[in-house]
Amino acid sequence: MRKEGSTNTLNRNKINLNCGMAYTLDLIGGRWKPNILWALLGGKLRYSELKKNIPDVSERILVLQLRELEKDGLIKRLVYAEVPPRVEYELTNDGASMKPMLECISAWGDKHRPNKTN
């Protein structure tokens, strides 16, 4: 958690206000957020399905990243009143609008990744 008054936070906020690219990268930055968004491009997934799609992420980090993406309005958490409880995640309209960008980033990475395996 960053301190709201820290120089780092103030600089981040200032850059994000003036640069759309910086704002976008701040929203989807990190190791796991792009993977989560990519997995949800195919539609709703339960937590366990997300975990299977991204097996190397820890439970703690997956929950944290899902909460951040939800807070930022990119995904929705759907809770069903069932026994046992069922929770699904899906992209919001804003999250789904990232599809072309995520596809471009993926294609660029596939083209430029060293030692790529296809």
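Calculation criteria
Residues numbered from 1 in each chain as written. Predicted model: local features only at pLDDT ≥ 70, side-chain atom pairs only at ≥ 80, totals over all residues. Heavy atoms only, no water. Salt bridge = Lys/Arg side-chain N within 4 Å of Asp/Glu carboxyl O. Helix = DSSP H or I, 4+ residues; strand = E, 2+ residues; numbered from the N terminus. Buried < 20%, exposed > 50% of the residue type's maximum accessible area, 1.4 Å probe, protein only.

**Some points on the pattern of salt bridges**
Next, step 1: Using the criterion set out here, one finds eight salt bridges in the structure.
Next, step 2: In this structure, the salt-bridge partner of Lys-76 is Glu-90, at a minimum N-O distance of 3.4 Å. Linking Lys-76 in strand E2 (residues 75-80) with Glu-90 in strand E3 (residues 86-91), this pair joins segments that are 14 residues apart in sequence.
Next, step 3: In this structure, the salt-bridge partner of Arg-113 is Asp-110, at a minimum N-O distance of 3.0 Å.
Next, step 4: By relative accessible area, Arg-113 is classed as partly exposed at 38%.
Next, step 5: Counted as one network, the salt bridges with shared partners bring together Glu-82, Arg-86 and Glu-88.

**Re the environment of Asp-56**
Next, step 1: Mapped onto the elements of the fold, Asp-56 is located in the loop between helix H4 (47-53) and helix H5 (59-71).
Next, step 2: Classification of Asp-56 by relative accessible area gives exposed; the value is 69%.
Next, step 3: Linking Asp-56 and His-112, residues 56 residues apart in sequence, is a C-alpha distance of 23 Å.

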